[in-house]
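# Overview (structure and organization)
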Amino acid sequence: TEIYTLSTRRSSDLGQTVNLLALPSGVRIPLAGHVFMNSFRIIVVNTPQELQDALSVRANVFQQEQRISRELDFDGNDESSLNFVVYDADKSIATARVRFPDSKDIAKVERVAVISEYRGKKVGKIIMEYIDKHLTSLNVQKAYLDSQES
């Protein structure tokens, strides 16, 4: 499991708040324009429990809130996809999945969901930035965002 931690640090020499994405290697990447009160972990799903956490967020957002059918949401592609989950402590708060339906060079980002109490806190932007960096590390040439029909 790759664990990325997002945190906010006060920079005494710059006199400003800096948001950092900490990579598993220990490298910290500054992210501009984000204000968070908490630390978040972003992972690439690697275990059945992590996949269940992703599916739980989707069921909450798509099936309960948006009334998307379970069959449309859980379309059988999750096991063969890259799935990502954002956690606040141990609570799964956001998810997205990536598929490569036509080519390993072109990624289809889909099923992006953030639970209601975390909307407006730029969690969606953070997961998309992480996905972009992850896909770049895989040498993916293009990515596009897809949405499901209601």
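Data block above holds the structure.
Below is a short write-up of the structure.

Reading the values: the criteria
- Numbering of residues starts from 1 in each chain and follows the order in which that chain's sequence is written.
- A pLDDT threshold of at least 70 governs which residues receive local features in this predicted model, and a stricter bar of 80 or more applies before side-chain atom pairs are shown or counted, although totals over entire chains, interfaces and linings include all residues.
- In computing side-chain properties, one takes all heavy atoms of the structure into account and sets aside hydrogens as well as water.
- By convention in these notes, a salt bridge is any Lys or Arg side-chain nitrogen within 4 Å of a carboxyl oxygen on Asp or Glu.
- The helix and strand labels rest on DSSP assignments: H or I over at least four residues marks a helix, E over at least two residues marks a strand, and numbering proceeds from the N terminus.
- Burial classes: relative accessible area under 20% of the type maximum marks a residue as buried, over 50% as exposed, and values in between as partly exposed (1.4 Å probe, protein chains only).
- Nonpolar core, defined: a set of buried Ala, Val, Leu, Ile, Met, Phe, Trp, Tyr and Cys residues in which side-chain atoms within 4.5 Å join the residues together.
- Contacts are assigned to residue pairs that have any heavy atoms within 4.5 Å of one another.

### Structural notes on the pattern of salt bridges
Side chains that carry opposite charge are capable of pairing whenever their charged atoms lie near each other. Scanning the entire structure with this criterion turns up 12 salt bridges. Among the ionic pairs, aspartate 75 bridges to arginine 111, the shortest N-O distance being 3.0 Å. Remark: arginine 111 occurs in strand E7 (residues 106-114) and aspartate 75 occurs in the loop between helix H2 (70-73) and strand E5 (82-88); sequence separation between them is 36 residues. A relative accessible area of 32% means that aspartate 75 is categorised as partly exposed. In the salt-bridge network here, residues are joined through shared partners; they are Arg58, Asp73, Asp75, Asp78, Arg97, Arg99, Lys108, Glu110, Arg111 and Asp146.

### Things to note about the nonpolar core
Membership of the largest hydrophobic core comes to 26 residues, with the highest contact counts inside it found for Phe84, Val86, Ile93, Val98, Tyr118, Val123 and Ile131. Those elements that provide at least two residues to this core are strand E4 (40-44), helix H1 (48-65), E5, strand E6 (91-103), E7 and helix H3 (123-137). Per-element tally for this core: the top contributor is H3, with six residues. Not counting residues up to four positions away in its chain, the partners in contact with phenylalanine 84 are Ile43, Val44, Val45, Ala94, Thr95, Ala96, Val98, Ile127, Tyr130, Ile131 and His134. The next biggest cluster of nonpolar side chains, apart from the first, holds seven residues, and it includes Ile43, Leu51, Ala54 and Val85.

All we've got here are geometric facts, nothing functional implied.
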